[in-house]
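The primary structure of each chain is shown beneath.
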Amino acid sequence: MDWSSNGAAGLLGQIGPGYLQDQRTNILLGTVLIVLIVAVIVGRLLRRQPESTASPAVVHTFNNRVGAWWLMYAVLIAGFLVGYGMTVTLFGLVSFWALREFITMTPTRRGDHRILFWTFVIVTPAHYVFVGLGWYGLYTVLIPVYALLLIPARIAISGDPKRFLERVAKIQAGLLICVYALSHAPALLHLKLKPSTTSPPAVVAPVTPVAAGTANAATPVVGAVAETPTVGPARAAAPATQAQRFGSSAGLLFYFILIVQLNDVFQYAWGHLFGKNVIAPQINASRTWEGFIGGVLSTMLVGTLLCWATPFKLWEAACIAGIVAMMGFAGSMTMSGIKRDRGVKDYGTLVSGHAGVLDRIDSICFAAPVFFHIVRYFFAEIPAGG
Amino acid sequence: MNLTAPVLAFLAKLLSGATVRWHECQPDTCQRVYFANHTSHLDALVLWASLPGPIRDLTRPVAAKDYWSKDAIRRYMARSFGAILIDREEIKVHQSPVDAMLREIGSTQSLIVFPEGRRNVDEEMQDFKSGLYYLSKKRPDLELMPVYIDNLNRVLPRGEFLPVPLLSCITVGSPIWLEPGENKNDFLKRARQAVLRLKDV
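Keep in mind it's a predicted model, so treat the numbers as computed, not measured. Here the residue numbering is sequential within each chain, running from 1 through the sequence in written order. Starting at A for chains and at 1 for ligands, labels are handed out in the order in which the entities are written. The predicted origin of the model limits local features to residues at a pLDDT of at least 70 and limits the giving and counting of side-chain atom pairs to 80 or more, whereas totals for whole chains, interfaces and linings rest on all residues.

Draft legend 1. The overall build of chain B, seen in detail. Starting at the N terminus, helices and strands are each numbered in turn, a helix being any DSSP run of H or I of at least four residues and a strand any DSSP run of E of at least two. In terms of helices and strands, chain B carries nine helices and seven strands. For a compact globule the rule gives 2.2 Å times the number of residues to the power 0.38, and the radius of gyration it is set against comes from C-alpha atoms. For 201 residues, the compact-globule estimate of 2.2 N^0.38 gives 17 Å, and chain B sits close to it at 16 Å. Counting only C-alpha atoms and orienting by the principal axes, one finds that chain B spans roughly 45 × 40 × 35 Å. Remark: C-beta atoms are placed from the backbone, and a residue is labelled buried if 20 or more other C-beta atoms sit within 10 Å of its own, exposed if 12 or fewer do, or partly exposed between those counts. By residue count, 40% of the 201 residues in chain B fall in the buried class. We call two residues in contact when their backbone-placed C-beta atoms lie within 7 Å. For chain B, restricting intrachain contacts to residue pairs at least 6 apart in sequence, the fraction spanning at least 24 positions comes to 72%.

Structural data, given as structure tokens:
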């Protein structure tokens, strides 16, 4: 929460933390946009290379990845522009599609039909509605408690005992990974981040007219609130914090997705360049210890360098990026395990011949709940009774 | 073509998440008979919907009259996707369904048929009924396209009315024809094999 730790932030601090935070998010978004444009150009150039210099398979994977990133970027930006509800809805659709791929891949029996209908049509949308409403107490238990009890009961009532436990576990796992775990990413937006401790209210109060002026142009809602106080330091600080909350949690979500995706790239790159000791050849032949360690360290480095876009201090950002990197790795390994069990290479192969949605979000699914809880417990205001 | 047809096709594709693969063949508007395994009530609708637009407009699925004329909604849907409804009860008494199908398609349209006659009760594909043989005998110029429909039985199994939106896959294989002098049983066995082979491509 050290806003004035770098020069740019100190300068922008004159305007007020709310606007400042959005500014930082915008810088991050802009930087990533430039990187993505460069990636497209590099992809085009690589495609023109002769096969001897660039392996077509690698170039193809790279271009597919870049395509997926553009899609993710577009989804996040659309969400940020339209608002919180849009982000939750878009993540809900991603969950729905991932669950489709997951259940398509795992054999179920006739007796599971009704509970599958419930899972897709009632449980998944209901969960996302509660995430959208920010009812933390309900959405944290709806799937892991109530849906998990409902599934075996409904299958038992349908009267087919064959491979009962296995079928129950498949649907539960799909729901937990594709819906419950992933929904923690958009849920970040609902967290009320603690206000900055290093920019005292007194600094904000004199510049309230400026803040109100700029805020009016950008976001009318914030402007309307900011105009009301008759310059009492404490009251003036409140609306600024309000603005800062959304801006910074949107930035946090973006930061999170960014480091998870970078971690995938780093793990791949390190494994490709220096990989020797495969961790579990039967699960995934391309995941090596070198790739894992190199990937986690690189992610920690980048995560730390990007800490200006987050409420984290340097060492906090390093730890969090490290944890996120390890969880992302765990997610990829787990999904590889499930894929090997089902005898498929990608979740998309059954359907469209290229990697599916689930292949792209496996690391996000595993890292999202951990990142969410770290932010919630250490950087957010937990409402009384929450 | 009426206005509901594209909407219906879009919804069917969205719900069934169907992807179509043309294995060793290309989509074409020439007269064809698509013959597929039958696992769900949705088969005819989804297979028809997943054909490219211009081909879809020229293709008529053959469907069971007792199911598709049961209520107003189903009758409307069947009309929208141009189904040729065949009465399964009165097949041999008055007229041969093969003649009716050939009359309907004339010299421009294509057919979608399910030679198993009824949907599979278990996973195993049943033996083919002879209709495909007679179709080919009367119109040897029709290209017979084997089609394998995967996973649609999980979207809407027999006896259920609420579909689960899983992803399904439709594979169209290279055409076969009735060989000169080939007898009925050999031909039907070969046709069945042509569909089964698509399961693993």
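Right, picking up where we left off after that structure.
Draft legend 2. Examining the overall build of chain A more closely. Secondary structure summary: chain A contains 15 helices and two strands in total. The 386 residues of chain A split such that 42% are buried. For chain A, long-range pairs separated by at least 24 residues make up 72% of all intrachain contacts whose partners lie at least 6 apart in sequence.

Draft legend 3. Region of the structure containing the sheet that holds strand β3 (residues 59–64) of chain B. Residue and element names in this part refer to chain B. One bridge is not enough; two strands pair if DSSP finds at least two bridges between them. Across the sheet, which stays open at both edges, the seven strands sit in the order β1-β7-β6-β2-β5-β3-β4 with mixed pairing between neighbours. The strands lining the two open edges of the sheet, one partner per strand, are β1 (19–22) and β4 (84–86). The average angle at which neighbouring strand axes cross in this sheet is 25 degrees, direction not considered. The pairing of β3 with strand β5 (residues 110–113) spans three bridges and is parallel. Each bridged residue has a counterpart across the sheet, and for R60 the counterpart in β5 is L111. Lines fitted to the C-alpha atoms define the axes, with helices restricted to the stretch that makes contact. Angles between their N-to-C directions range from 0 to 180 degrees. In the packing of helix α9 (residues 184–197) onto the sheet, contacts are made with β2 (32–36) and β6 (143–150), and the angle to β6 comes to roughly 45 degrees.

Draft legend 4. Seen up close, the packing of helix α4 (residues 84–105) of chain A against helix α7 (residues 164–181) of chain A. All names here are of chain A. Viewed as axis vectors pointing N to C, α4 and α7 meet at an angle of 155 degrees, and their least axial separation amounts to 8 Å. Compared by their axis directions, α4 and α7 come out roughly antiparallel. The element α4 and its partner α7 pack so that their crossing is right-handed. For the pair α4 and α7, contact is made by S95, A98, L99, F102 and I103 and by G174, L175, C178 and V179, respectively. Under this grouping Gly is polar, as are all residues other than the nonpolar Ala, Val, Leu, Ile, Met, Phe, Trp, Tyr, Cys and Pro and the charged Asp, Glu, Lys and Arg. Grouping the constituent residues of the contact of α4 with α7 by class yields seven nonpolar, two polar and no charged. Any angle that falls under 35 degrees is termed roughly parallel, while one over 145 is termed roughly antiparallel, one within 65 to 115 roughly perpendicular, and all others oblique. Crossing handedness is defined as follows: a turn of the near helix away from the far one that is anticlockwise and smaller than a right angle gives a left-handed crossing, while the clockwise case is right-handed.

Draft legend 5. How the structure looks around the confidence of the model for chain B. The pLDDT value expresses, per residue, how confident the predictor is, ranging between 0 and 100. Chain-level statistics for chain B give a pLDDT mean of 87 and a share of 92% at 70 or above. Confidence, read as mean pLDDT per element, is least for helix α4 (residues 65–68) of chain B in chain B (84) and greatest for β2 of chain B (94).

Draft legend 6. Inspection of the pairing of β3 of chain B at higher detail. All names here are of chain B. Of all six residues in β3, five are buried; the element is thus mostly enclosed. Here three bridges tie β3 to β4, and the two strands are oriented parallel to one another. Paired with V62 across the bridge in β4 is I84.

Draft legend 7. Local environment of helix α6 (residues 136–158) of chain A. Residue and element names in this part refer to chain A. Take the number of residues in a helix, subtract one, and multiply by 1.5 Å to get its expected span. Between its first and last C-alpha atoms α6 spans 32 Å; for 23 residues at 1.5 Å apiece the expected length is 33 Å, and the two agree. Bend is the name given here to the angle between axes fitted to two runs of seven residues, the run ending at a residue and the run starting at it. Of all the bends in α6, the greatest, near 55 degrees, is centred on L142, and the proline P144 appears no more than four residues after it. Along α6, the residues that are buried comprise Y139, L142, I143, A147, I151 and I155. Of the surrounding secondary structure, the elements contacted by the buried residues of α6 are α5 (113–133) and α7. Two residues or fewer after α6 comes G159, characterised by a positive phi angle close to 85 degrees.

Draft legend 8. Layout of the nonpolar core. Only buried Ala, Val, Leu, Ile, Met, Phe, Trp, Tyr and Cys residues enter a nonpolar core, and they are joined through C-beta atoms within 7 Å. By size, the foremost hydrophobic cluster in this structure holds 132 residues, and its most contacted members are L182 and F256 of chain A together with V147 of chain B. Per-element tally for this core: the top contributor is helix α12 (residues 233–274) of chain A, with 13 residues. The domain boundaries here were taken from an automatic or database domain assignment. Taken domain by domain, the makeup of this core includes at least three residues from each of domain 1 (3–82 + 232–379) and domain 2 (92–182) of chain A. Filtering out sequence-adjacent residues up to four positions away, L182 of chain A remains in contact with F91, V94, S95, I361, I364, C365 and A368 of chain A.

Draft legend 9. Structural context of the packing of helix α3 (residues 56–82) of chain A against α4 of chain A. All names here are of chain A. Between α3 and α4, whose axes approach to 6 Å, the crossing angle comes to 150 degrees. Classified by the angle between their axes, α3 and α4 sit roughly antiparallel to one another. Two secondary-structure elements touch here, α3 through V75, A78, G79 and V82 and α4 through M86, T87 and L90. Among the residues making up the contact of α3 with α4, the classes are represented as five nonpolar, two polar and no charged.

Draft legend 10. Broad picture of the confidence of the model for chain A. Residue and element names in this part refer to chain A. Confidence in the prediction of chain A, expressed as mean pLDDT, is 79, and 77% of residues score 70 or more. When the criterion is pLDDT under 50, residues 1–20 qualifies, and its contacts beyond four places in sequence or with other chains add up to 49 contacts. Taken together, the stretch residues 197–247 has pLDDT below 50 and engages in 73 contacts with residues farther than four places along the chain or on a different chain.

Draft legend 11. Focus on the pairing of strand β2 (residues 284–288) of chain A. Residues and elements named next belong to chain A. Bridge count between strand β1 (residues 278–280) and β2: two bridges; the pairing is antiparallel. Considered in β2, the bridge of V278 is made with T288. Hairpin remark: β1 followed by β2, antiparallel, with three residues in the connecting loop.

Draft legend 12. Highlighting the environment of A156 of chain A. Take A156 of chain A: it is sitting in helix α6. Given 13 C-beta atoms within 10 Å, A156 of chain A falls into the partly exposed group.

Draft legend 13. Layout of unusual backbone geometry. Phi at E24 of chain B is positive, roughly 55 degrees, even though this residue is not glycine. At N151 of chain B, a position not held by glycine, the phi torsion is positive, near 80 degrees.

Draft legend 14. Geometry of the environment of F366 of chain A. Residues and elements named next belong to chain A. Looking at the secondary structure, you find F366 in helix α15 (residues 357–379). Sequence separation of F366 and I177 is 189 residues, and the distance between their C-alpha atoms is 7.4 Å. Not counting the four nearest positions on each side in its chain, F366 is found in contact with A181, M327, G328, A330, G331 and T334.

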